[in-house]
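In case you want the letters, here they are:
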Amino acid sequence: MFEDLIKEMERMNGQSLSVAIESDEKGYIDKQCPNEECEFIFKVNEEDWTSIFKDEAVWCPFCRHEAPSDKWFTIEQAEHAKAEALAVMKGTIHNSLRSGAQKFNRRQPKNSFISMSMKVTGGPKRTHTIPAKAADLMQLEIQCESCESRFSVVGSAYFCPACGHNSVTRTFRDSLRKIRAKKDGVDIVRQALIETAGKDEAELTCRSLIETCISDGVVAFQKYCEGMYDDFGKAPFNAFQRLEQASELWEKAVQKGFDVWLREEEINMLRVLYQRRHLLAHNEGIVDAKYIQKSGDSKYKEGQRLIVSASDVENLVTCLEKLSLGIEDVCSNA
Ligand SMILES: [Zn+2]
Ligand SMILES: [Zn+2]
C-alpha cells in the first residue's frame, strides 16, 4: 500500500531542490548583505552578475562586508526557498499516498464479503517550485566607474558590490543629496514631532537637524577634496576643513583656486558658513569676537546665538557642488 511513498521517500533523500529567482522588470536581481549588523538590500544587474561579479568575493555597497557570491541571498528568498521545498515535499508525499491508495483500491477482490477502500482527500498537489518574486524597483541606479557593473539601491551606496571600489565623487554627490533631503524633510519631521512629542521637542530637534547640515556639508567636502587630491600628494591633516587653506592647496596643485569657480559673494558666503560651523562645533553657536573678525559677518554681535536657516544650507550645498564640478573638471583633464 505504501510502496509508492517509500519509493518517493528514497528518491527524495539527499536530493537538492532548486528554486529560481526572478529578476525585476529592469533585469535586476535582489541581494542582501549577510552581515547581521547590516542586512542592506540592493539589486544587481543579472547579466553583470554572471559576467562581471566573481565567485570568491562580493562586497556590500553599504558596509563593504566581503563574502563569496553564494552568501548574498535575501532573507526573503531564503524563506521562500524553504517554504517551496516544504510544499514540494508535502506534494510529493501526498501524491504518492494518493497513487498508493488508488492501487490499493483497484486491487480489492471483486466478490469479497468485506470490502476495504482507502481515501486520500484532495487532488494531486504540485511538486514543482515557484520562483521567488523580485522586490520593487530601486530608485538609485549606479554604474561602477571602475568595473562598469550595474547595481541599484535605496538611499545611498558607498562601494561597488562587484569590485569594492569606493567612488569619491559618487559618495560626495550622495552626501549632498542626503543633506538636501534632511533640510527638505525638516517640516515633516516638525509636524510629526509636534503631534507626538510636543512643540519643545519638535523645535529643538529640527533646529539641530538644520544645524548639522552645515557640518555635514563641510565634512563631506573635506573628504571629497582629500580623495580627489590623492594624485597630487599629501595634504596637511584637516587642511581641507579650512576654506582658505583648501583653496590654496588646489591652487598649488592645478593652478586654480576657489575664486575661479565661485563669484566673490559666494566665497564670502561660504566663509561665513564655514565659520558658523566652527562656532556651532566649538562654542555651542554663541558668537564671539573671533567669529566676527574671521567671518566678516556683520549681522551678529558678540554673545548672540547663531540662527541657521534652510536657505543657508541650500547656499552651502550649491557652492560646494559648484566647487566639486570645477575640481572634477580639472582632475579629469589632468
Ligand atoms: Zn552590509
Ligand atoms: Zn566596480
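A brief report on the enclosed structure follows.

Conventions and cut-offs
Residues numbered from 1 in each chain as written. Chains lettered and ligands numbered in written order. Predicted model: local features only at pLDDT ≥ 70, side-chain atom pairs only at ≥ 80, totals over all residues. Heavy atoms only, no water. Core = buried A, V, L, I, M, F, W, Y, C linked by side-chain atoms within 4.5 Å. Buried < 20%, exposed > 50% of the residue type's maximum accessible area, 1.4 Å probe, protein only. Helix = DSSP H or I, 4+ residues; strand = E, 2+ residues; numbered from the N terminus. Contact = heavy atoms within 4.5 Å. Donors = N, O, S within 2.8 Å, 3.2 Å for Na, K, Ca; no water. Tetrahedral: all angles 85-135°; square planar, octahedral: opposite > 155°, others 65-115°. Salt bridge = Lys/Arg side-chain N within 4 Å of Asp/Glu carboxyl O. Pairing = 2+ DSSP bridges. Axes fitted to C-alpha atoms, helices over the stretch in contact; angles between N-to-C directions. Parallel < 35°, antiparallel > 145°, perpendicular 65-115°, else oblique. Left-handed = near helix turned anticlockwise from the far one by under 90°. Nonpolar A, V, L, I, M, F, W, Y, C, P; charged D, E, K, R; others polar.

Here we look at the nonpolar core
Generally speaking, nonpolar side chains in soluble globular proteins are found buried as a group.
Turning to step 1, where the next piece is worked out: Counting residues in each nonpolar core, the largest one holds 47 residues, and the members touching the most others are Phe221, Trp250, Phe258, Leu270 and Ile327.
Turning to step 2, where the next piece is worked out: Looking at this core element by element, the count peaks at 11 residues for helix α5 (residues 199–229).
Turning to step 3, where the next piece is worked out: When sequence neighbours within four positions are dropped, the list of residues in contact with phenylalanine 221 reads Phe172, Phe258, Tyr274, Leu320, Leu323, Ser324 and Ile327.

Notes on the coordination of the zinc ion (ligand 1)
Turning to step 1, where the next piece is worked out: Bound to the zinc ion (ligand 1) on the protein side are Cys33 (SG), Cys38 (SG), Cys60 (SG) and Cys63 (SG), at distances that span 2.3 to 2.4 Å.
Turning to step 2, where the next piece is worked out: What the 4 donor atoms of the zinc ion (ligand 1) show is an angle range of 105 to 113° at the metal, which sorts the shape as tetrahedral.
Turning to step 3, where the next piece is worked out: All donor residues of the zinc ion (ligand 1) come from one chain, and their arrangement in sequence is C-x4-C-x21-C-x2-C. One end of the pair, cysteine 33, is in the loop between β1 (28–32) and β2 (41–45); the other, cysteine 63, is in the loop between β3 (58–59) and β4 (66–67), and 30 residues separate them in sequence.
Turning to step 4, where the next piece is worked out: Take cysteine 63: its relative accessible area is 32%, and that puts it in the partly exposed class.

Here's the deal with the coordination of the zinc ion (ligand 2)
Turning to step 1, where the next piece is worked out: Taken together, the protein ligands of the zinc ion (ligand 2) are Cys144 (SG), Cys147 (SG), Cys160 (SG) and Cys163 (SG), with distances of 2.3 to 2.4 Å.
Turning to step 2, where the next piece is worked out: For the zinc ion (ligand 2), the 4 donor atoms are set out with angles of 103 to 114° between them, so the coordination reads as tetrahedral.
Turning to step 3, where the next piece is worked out: On the accessibility criterion, cysteine 163 (23% relative accessible area) is partly exposed.

Describing the pattern of salt bridges
Turning to step 1, where the next piece is worked out: Taken as a whole and assessed by the stated rule, the structure comprises 28 salt bridges.
Turning to step 2, where the next piece is worked out: For glutamate 79, the salt bridge is made with lysine 82, and the minimal N-O distance between the two is 3.8 Å. You can see glutamate 79 and its partner lysine 82 sitting in helix α3 (residues 75–106), 3 residues apart, about one turn around the helix.
Turning to step 3, where the next piece is worked out: Put simply, arginine 263 and glutamate 265 hold a salt bridge, and the shortest N to O gap is 2.6 Å.
Turning to step 4, where the next piece is worked out: Since its relative accessible area comes to 48%, glutamate 265 is described here as partly exposed.
Turning to step 5, where the next piece is worked out: Via salt bridges that share partners, Arg180, Lys183, Asp184, Glu314 and Glu321 belong to a single interconnected network.

Considerations on the pairing of β1
Turning to step 1, where the next piece is worked out: Across the 5 residues of β1, 5 count as buried, placing the element largely inside the fold.
Turning to step 2, where the next piece is worked out: Both faces of β1 are covered, namely the face carrying Tyr28, Asp30 and Gln32 and the face carrying Ile29 and Lys31.
Turning to step 3, where the next piece is worked out: Relative to β2, β1 is paired through 5 bridges, and the arrangement is antiparallel. What sits directly across from glutamine 32, in β2, is isoleucine 41.

Some details on the sheet that holds β1
Turning to step 1, where the next piece is worked out: Pairing in this open sheet of 4 strands is antiparallel, and the strands run β1-β2-β6-β5 from one edge to the other. Sheet topology places β1 and β5 (140–143) at the edges, where each strand pairs with a single neighbour. Each adjacent strand pair in this sheet contributes to an overall mean axis angle of 30°, direction not counted.

Regarding the environment of cysteine 163
Turning to step 1, where the next piece is worked out: When you line up the elements, cysteine 163 lands in the loop between β6 (150–153) and α4 (168–196).
Turning to step 2, where the next piece is worked out: Between the C-alpha atoms of cysteine 163 and isoleucine 52, which are 111 residues apart in sequence, the distance is 9.0 Å.
Turning to step 3, where the next piece is worked out: Ignoring sequence-local partners within four residues, the contact set of cysteine 163 consists of Trp59, Cys144, Ser146 and Cys147.

Considerations on the packing of α5 against helix α6 (residues 243–254)
Turning to step 1, where the next piece is worked out: Where α5 meets α6, the axes come as close as 12 Å, and the angle between the chain directions of the two elements is 20°. By the criterion of interaxial angle, the relationship of α5 to α6 is roughly parallel. Pair α5 / α6 crosses with left-handed handedness. Only Leu249, Trp250 and Ala253 of α6 make contact with α5, whose side of the interface consists of Cys225, Met228 and Tyr229.
Turning to step 2, where the next piece is worked out: Here the contact of α5 with α6 is composed, by residue class, of 6 nonpolar, no polar and no charged.

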